[in-house]
Amino acid sequence: MDKKDNIFVAGHNGLVGSSIVRKLKLLGFENILTRSRKELDLMNSNQVEHFFKNNKIDYVFDAAARVGGIHANDNYSAEFIYENTLVQTNLIHYSNLYKVKKFIFLGSVCIYPKYADTPVKEEALLTGELEPTNEAYAIAKIHGIHMLKAYNKQYGMKGVSLMPANLYGPNDNYHPDNGHVIPSLIHKLHNQDDKVICWGDGSPRREFLYVDDLADACIFASKHFASAELINVGSGQDVSIKELVSLLVDIIDFKGKITWDHTKPNGTPKRPLDYTRIESLGWKPKYTLKEGLKKSYEWYKNNIDLVKLRLKN
Ligand SMILES: NC(=O)c1ccc[n+]([C@@H]2O[C@H](COP(=O)([O-])OP(=O)(O)OC[C@H]3O[C@@H](n4cnc5c(N)ncnc54)[C@H](OP(=O)(O)O)[C@@H]3O)[C@@H](O)[C@H]2O)c1
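To keep things clear, this report deals only with the structure shown in the data block. All figures in this text were calculated on a predicted structure; none of them were measured in a lab. (Residues numbered from 1 in each chain as written. Predicted model: local features only at pLDDT ≥ 70, side-chain atom pairs only at ≥ 80, totals over all residues. Heavy atoms only, no water.)

## Focus on empty space enclosed by the protein
Under the defined criterion, the tally for this structure stands at one cavity of 30 Å³ or more. As a volume, the largest cavity reaches approximately 40 Å³. Around the largest cavity sit V109, A165, N166, R205, R206, E207, R271 and P272, which together line it. Broken down by element, the lining of the largest cavity gets its largest block of residues, three residues, from strand β8 (residues 205-210). Taken together, the residues of the lining of the largest cavity sort by class into three nonpolar, one polar and four charged. (1 Å grid on protein atoms, 1.4 Å probe; cavity = no way out; pocket = protein on both sides within 12 Å on 5 of 7 lines; lining within 4 Å. Points joined across faces, edges and corners; volume = space filled by probe spheres on them. Helix = DSSP H or I, 4+ residues; strand = E, 2+ residues; numbered from the N terminus. Nonpolar A, V, L, I, M, F, W, Y, C, P; charged D, E, K, R; others polar.)

Structural data, given as structure tokens:
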């Protein structure tokens, strides 16, 4: 990537997109293009075509998606599959038509079969049944991966699909029900004094990756891959939800009681990622889970008004 290249970061207000923008700016990239949903609805193919026609885009980082935790995935599965397939279809199709040099697509660990061998290798894709609670989202993401592969095969379109572990960090979705586990817990532990109810029994293990490490991996991958490969991005830091809660209780200094709601689903069992492909080329994560959680909580406290505003809308 050249410092003068035009780089479109789709979904720049979100967790991943905002981190990619911060990283690109830090590295001195001068022409970073961003559009809010109001300015450019990525589900609308006419608007997307108009955007690519009128802006000479060299690189696309696709961090725009409908994203959420178990509750949101389970309850809004139609919206998850509809919105995600539309957004990525438009972005991939018009990126190819308007000769984008490279397309960086983002999937997630949930694309892999529920009972894949762990650590999960890229080869596990499409080898077994998916976790039912996020099947619609996973199928949309698998569609994106295969669309990029098909465009690479037929048109020679260059790109890479990155599959990160569970992400967290600044600009996360702090909705107590629809967000992922870390931001939801931060929000609850910060705002409730007496009692916090956590879903499931706390036994599932999860691998968490601080979002700035993913942004770093996205830029690294944009230099090293081009053939629509599927590449895992993990942290090697795998904890149980119980251990995670206890780390956050310490960081936030929560003095109330934690209880576990066993009627709620645990979600997928343990599934850390095998990320030796990217690691073997020299990439590795920089943040420990504790450092990342502390940074995330600092950001949350310093941006509480913004968080509340986003929760209202
Ligand atoms: N969060 C995780 O743990 C995680 C883990 C693995 C992979 N990923 C992947 O990383 C990517 C980004 O996730 P994220 O957590 O950063 O999500 P996020 O915080 O919810 O951000 C998504 C962004 O996409 C934008 N967007 C969605 N639909 C749009 C549309 N139709 N037109 C324009 N903009 C649209 C949203 O804009 P609005 O704010 O206006 O809605 C938002 O800014 C996704 O592909 C996701 O699958 C995330």
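Picking up where we left off.
## Looking at the site of the ligand
The full set close to the ligand counts 24 residues, and L15, V16, R37, Y137 and K141 are the nearest of them. Between an oxygen atom of the ligand and a main-chain N or O atom of G14, the distance comes to 3.3 Å. Contact distances for the ligand include 2.9 Å between an oxygen atom and a backbone N or O atom of L15. Considered on its own, the ligand offers 890 Å² of accessible surface; in the complex 85% of this is hidden by protein. Those elements that provide at least two residues to the shell around the ligand are α1 (15-26) and α5 (135-155). Classifying every residue of the shell around the ligand by side-chain character gives 15 nonpolar, six polar and three charged. (Near = heavy atom within 4 Å. Polar contact = N/O pair within 3.5 Å; in protein donor to acceptor, adjacent residues only side chain to side chain. Areas by Shrake-Rupley, 256 points an atom, 1.4 Å probe, with all protein chains shown as cover.)

## Considering the environment of V60
Mapped onto the fold, V60 is located in strand β3 (residues 59-62). When the C-alpha positions of V60 and L33 are compared, they lie 9.5 Å apart, and in sequence the two are 27 residues distant. Once residues lying within four places of it in the same chain are set aside, the contact partners of V60 are F8, F52, S95, V100, K102, F103 and I104. (Contact = heavy atoms within 4.5 Å.)

## Considering the packing of aromatic side chains
Enumeration over the complete set of coordinates arrives at 12 aromatic pairs. Judged by centre distance (6.2 Å) and plane angle (10°), the rings of Y174 and W299 are stacked. Of the two residues, Y174 is situated in the loop between β6 (166-168) and α6 (181-191) and W299 in helix α10 (residues 289-302); the sequence distance between them amounts to 125 residues. With a relative accessible area of 3%, Y174 lands in the buried category. Judged by relative accessible area, which is 16%, W299 ranks as buried. Note on Y297 and Y300: the rings are 6.4 Å apart at their centroids and 15° apart in plane angle, and the pair reads as stacked. Here Y297 pairs with Y300, and both are found in helix α10, just three residues apart, close to one helical turn. Its relative accessible area of 7% is what places Y297 among the buried residues. Cluster of aromatic residues (ring-pair linked, three or more members): Y168, F208, Y210 and Y287. A cation over an aromatic ring shows up here: K3 above the ring of F29, its NZ or CZ 5.1 Å from the ring centre. (Phe/Tyr/Trp six-rings, centres within 6.5 Å; stacked < 30°, edge-to-face > 60°. Buried < 20%, exposed > 50% of the residue type's maximum accessible area, 1.4 Å probe, protein only. Lys NZ or Arg CZ within 6 Å of the ring centre and 35° of its normal.)

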